[in-house]
Amino acid sequence: MQLTGLKDYQKVDEIPIQYGTAGFRTKGSRLKHVIFRMGALAAIRSACQKGATIGVMITASHNPEEDNGVKLVDPMGEMLGPEWEQYATEIANVPDSEVGTALQKLTKNLGVTTLANSRVVFARDTRPSSPILAEALEAGIKAAGAQCQNFGLLTTPQLHYIVRCINSNGEYGKPTEDGYFEKLTEAFVKLRNIRKAKKMKKLETYKACLYLDAANGVGAGKVPILQSKLGELLQINLVNDGSGKLNHECGADFVKVQQKPPTGVNMAPGQRWASLDGDADRIVFYFIGTTDKQFHLLDGDKIATLVAGYLKDLVQATGLSLNLGLVQTAYANGSSTRYITDQLQVPVACVPTGVKHLHHKAQEFDIGVYFEANGHGTAIVSDTSYSSLKKASQDSTVSEEQKEACDLLLSVIDLINQTVGDAISDLLLVEMILAALDWDVEQWNQAYTDLPNRQLKVKVKDRSVIQTTDAERKASFPKDLQKAIDQSVAKYSHGRSFVRPSGTEDIVRVYAEAVSQDAADKLANEVAVLVFKMAGGLGEEPKLH
Ligand code: G16
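So, here's what we can say about the structure. In this text, all values refer to a predicted model and were calculated from it rather than measured experimentally. (Residues numbered from 1 in each chain as written. Predicted model: local features only at pLDDT ≥ 70, side-chain atom pairs only at ≥ 80, totals over all residues. Heavy atoms only, no water.)

1. Brief notes about empty space enclosed by the protein
Then step 1. What the rule picks out here adds up to five cavities of 30 Å³ or more.
Then step 2. Estimates place the volume of the largest cavity at around 390 Å³.
Then step 3. Taken together, 28 residues make up the lining of the largest cavity; nearest its centre are His62, Arg282, Thr353, Glu372 and Asn374.
Then step 4. Broken down by secondary-structure element, the contributors of at least two residues to the lining of the largest cavity are helix 8 (251–258) and helix 11 (355–362).
Then step 5. Considering only residue class, the lining of the largest cavity consists of six nonpolar, eleven polar and eleven charged.
Then step 6. Approximately 50 Å³ is the volume attributed to the second largest cavity. (1 Å grid on protein atoms, 1.4 Å probe; cavity = no way out; pocket = protein on both sides within 12 Å on 5 of 7 lines; lining within 4 Å. Points joined across faces, edges and corners; volume = space filled by probe spheres on them. Helix = DSSP H or I, 4+ residues; strand = E, 2+ residues; numbered from the N terminus. Nonpolar A, V, L, I, M, F, W, Y, C, P; charged D, E, K, R; others polar.)

Shown next as structure tokens:
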């Protein structure tokens, strides 16, 4: 394949790069050639999908500002499948002189004869390197002979939504940012009006402020649009609104991992706070207790249990037999899994980190709720369940109460971005459920108490030496690492710990939980030292702080 402009997008180094948890991620300065090549690959993917539109998002989400990344979005707004991740990795790593041949070989193997009908849409986040990378992407798409549309600045979930709208011929919604906000806010307003009609006692409370940390990311520019459409229904007080450094001591990842508020914010007890991450696909909530004056985190596990509990009751009220399930990862707090199983009595599955794994597993249920503890998640509804709900809502033999429940559930489904975890949609969903249940954040938090936990990062020479099994809950390599982890864990009451190489940062992640914070910290540190010693740690040995 002849790629015009290839000479402007040559490799800057020979360090191998891999399509990881959420696409390619590294320093923005290393990515121009990768993104140019991904433009061509997206065109090929589109051709293999009979000309369906493929999305490409330029973002490194929660990573520091100097990083950047790229991920491809499949026709229904889903993450790229594993086989194509492999193609992406191969194409990204071939020498400059072999790019054309490698792409040619791939198109031939896949039986692609033309890329002229391929369509790619793309968007970017607010990182300084994003505009130039978007140019590289456009050049790659055009060099492959495909058509493209640049949506400029979008959140990652907005792009996923738009891709699905285009490929469903508008059935999922209008394929524009306006269409996105229209769909979500109309559903929200409708649901809140139903509640108003039911005279919820504390509905007034929910007109109060939500304090929102936008991580100085792309979401910051979108919140005013949301606010303008919600009017008084939800007052959002924005901090880290884009005037500061992206993800720096703020944002969902910082708050979750550090278990503290963004630096510099002034929280009063009882206020409802939330943080987005850099591309607004994750959200966590938090507050200062009115009695204990302590910081409390309402992370992805708490959101998942809130959503699953609400949906379970609603499904029951419809009278339809739809099976609801919840999907988590190894990071899910042990208390949340127990609560889901014992109290909610909802089946729960555990899969490896990465939305693609959770989404895939959730598709096994009629209604699948999935959340990573870091706040990345959504709910999905199978086509047949959606049709049953539509049918029942118009069926004259169905009771009025059941019809009402079907209508309610259909509106809730409209409020959910089913393509991928979406911080803005999740924000509205949580606000709606809290209002519906007449709960404040403290009541929400009381559902169960998290086991104290700690996450650490260990720098090693090559993080790929760590291999895992059992949905990342066990290390299968280096030999004896798991045995050593088990010995450490055995010393702590309610102890649990695992390690895994990050797919978005050049580090190994360590997770530990135990009966007290002190014990969780000690266990995490012991395991971090094991990783450091057995997997080629760099720099100083981890120390307990
Ligand atoms: C991405 C993925 C998430 C994953 C996170 C961390 O989030 O979409 O599924 O949990 O990276 O992954 P890892 O532990 O492999 O580094 P985001 O918000 O950065 O796109």
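2. Comments concerning the site of the ligand
Then step 1. Taken together, the neighbourhood of the ligand is formed by 20 residues, with His62, Glu372, Ser502, Gly503 and Thr504 sitting nearest.
Then step 2. Between an oxygen atom of the ligand and a side-chain N or O atom of Thr504, the distance comes to 2.4 Å.
Then step 3. With the chains in place, 98% of the 460 Å² that the ligand exposes on its own is no longer accessible.
Then step 4. A majority-of-atoms criterion places the ligand in the largest cavity.
Then step 5. For the shell around the ligand, the class distribution of residues is two nonpolar, ten polar and eight charged. (Near = heavy atom within 4 Å. Polar contact = N/O pair within 3.5 Å; in protein donor to acceptor, adjacent residues only side chain to side chain. Areas by Shrake-Rupley, 256 points an atom, 1.4 Å probe, with all protein chains shown as cover. Sits in = over half its atoms within 2 Å of the grid points.)

3. Considerations on the packing of aromatic side chains
Then step 1. Tallying each qualifying case throughout the model produces 14 aromatic pairs.
Then step 2. For the ring pair Tyr331 and Tyr511, a centre distance of 5.9 Å and an interplane angle of 90° mean the geometry is edge-to-face. Pair noted here: Tyr331 is in the loop between strand 11 (324–328) and helix 10 (334–344) and Tyr511 is in strand 19 (residues 508–513), with a separation of 180 residues, a long-range link.
Then step 3. For Tyr511, a relative accessible area of 1% gives the class buried.
Then step 4. In textbook terms, an aromatic cluster arises when at least three aromatic residues are bridged by ring pairs, as seen for Tyr161, Tyr172, Tyr180 and Phe181.
Then step 5. Over the face of the ring belonging to Tyr172 we find Lys183, whose NZ or CZ atom lies 3.5 Å from the ring centre. (Phe/Tyr/Trp six-rings, centres within 6.5 Å; stacked < 30°, edge-to-face > 60°. Buried < 20%, exposed > 50% of the residue type's maximum accessible area, 1.4 Å probe, protein only. Lys NZ or Arg CZ within 6 Å of the ring centre and 35° of its normal.)

4. Topic: helix 11
Then step 1. Every buried residue of helix 11 is listed here: Val355, Leu358, His359 and Ala362. Buried residues along helix 11 cover an arc of 100° about the axis, so they all sit on one side.
Then step 2. Here the buried face of helix 11 lies against strand 11, strand 13 (367–371) and strand 14 (377–381). (Arc of directions from axis to C-beta. Contact = heavy atoms within 4.5 Å.)

5. Thoughts on the pairing of strand 3 (residues 67–73)
On a regular strand, one side chain projects to one face of the sheet and the next to the other, so that they alternate.
Then step 1. Burial within strand 3 is extensive, with seven of its seven residues counted as buried.
Then step 2. With burial as the criterion, each face of strand 3 is covered, one bearing Asp67, Gly69, Lys71 and Val73 and the other bearing Asn68, Val70 and Leu72.
Then step 3. The pairing of strand 1 (residues 24–27) with strand 3 spans four bridges and is antiparallel. Each residue of the ladder has a partner; that of Arg25, found in strand 3, is Gly69.
Then step 4. With four bridges joining them, strand 2 (residues 53–58) and strand 3 adopt antiparallel strand pairing. Its bridge partner lying in strand 3, Ile58 is registered against Val70. (Pairing = 2+ DSSP bridges.)

6. Considerations on the sheet that holds strand 12 (residues 348–350)
Then step 1. In spatial order, the strands read 12-11-13-14; together these four strands make up an open sheet with mixed pairing. Looking at the sheet topology across the chains shown, the edges are occupied by strand 12 and strand 14. Neighbour-to-neighbour, the strand axes of this sheet turn through a mean angle of 20°, independent of strand direction.
Then step 2. In terms of strand pairing, strand 11 meets strand 12 through three bridges, oriented parallel. Counterpart to Gln328 in the pairing with strand 12 is Cys350.
Then step 3. Where helix 11 meets the sheet, it contacts strand 11, strand 12, strand 13 and strand 14, and its direction lies at approximately 160° from that of strand 13. (Axes fitted to C-alpha atoms, helices over the stretch in contact; angles between N-to-C directions.)

7. Observations regarding the layout of surface pockets
Then step 1. Reported here for the second largest pocket is a volume of approximately 590 Å³.
Then step 2. Taken together, 21 residues line the second largest pocket, and the ones lying closest to its centre are Arg164, Tyr172, Val381, Asp383 and Gln418.
Then step 3. Of all the secondary structure elements, the ones that give two or more residues to the lining of the second largest pocket are helix 11, strand 14, helix 12 (383–393) and helix 13 (400–415).
Then step 4. Among the elements that make up the lining of the second largest pocket, the one with the highest residue count is helix 12 (three residues).
Then step 5. For the lining of the second largest pocket, the residue count by class is eight nonpolar, six polar and seven charged.

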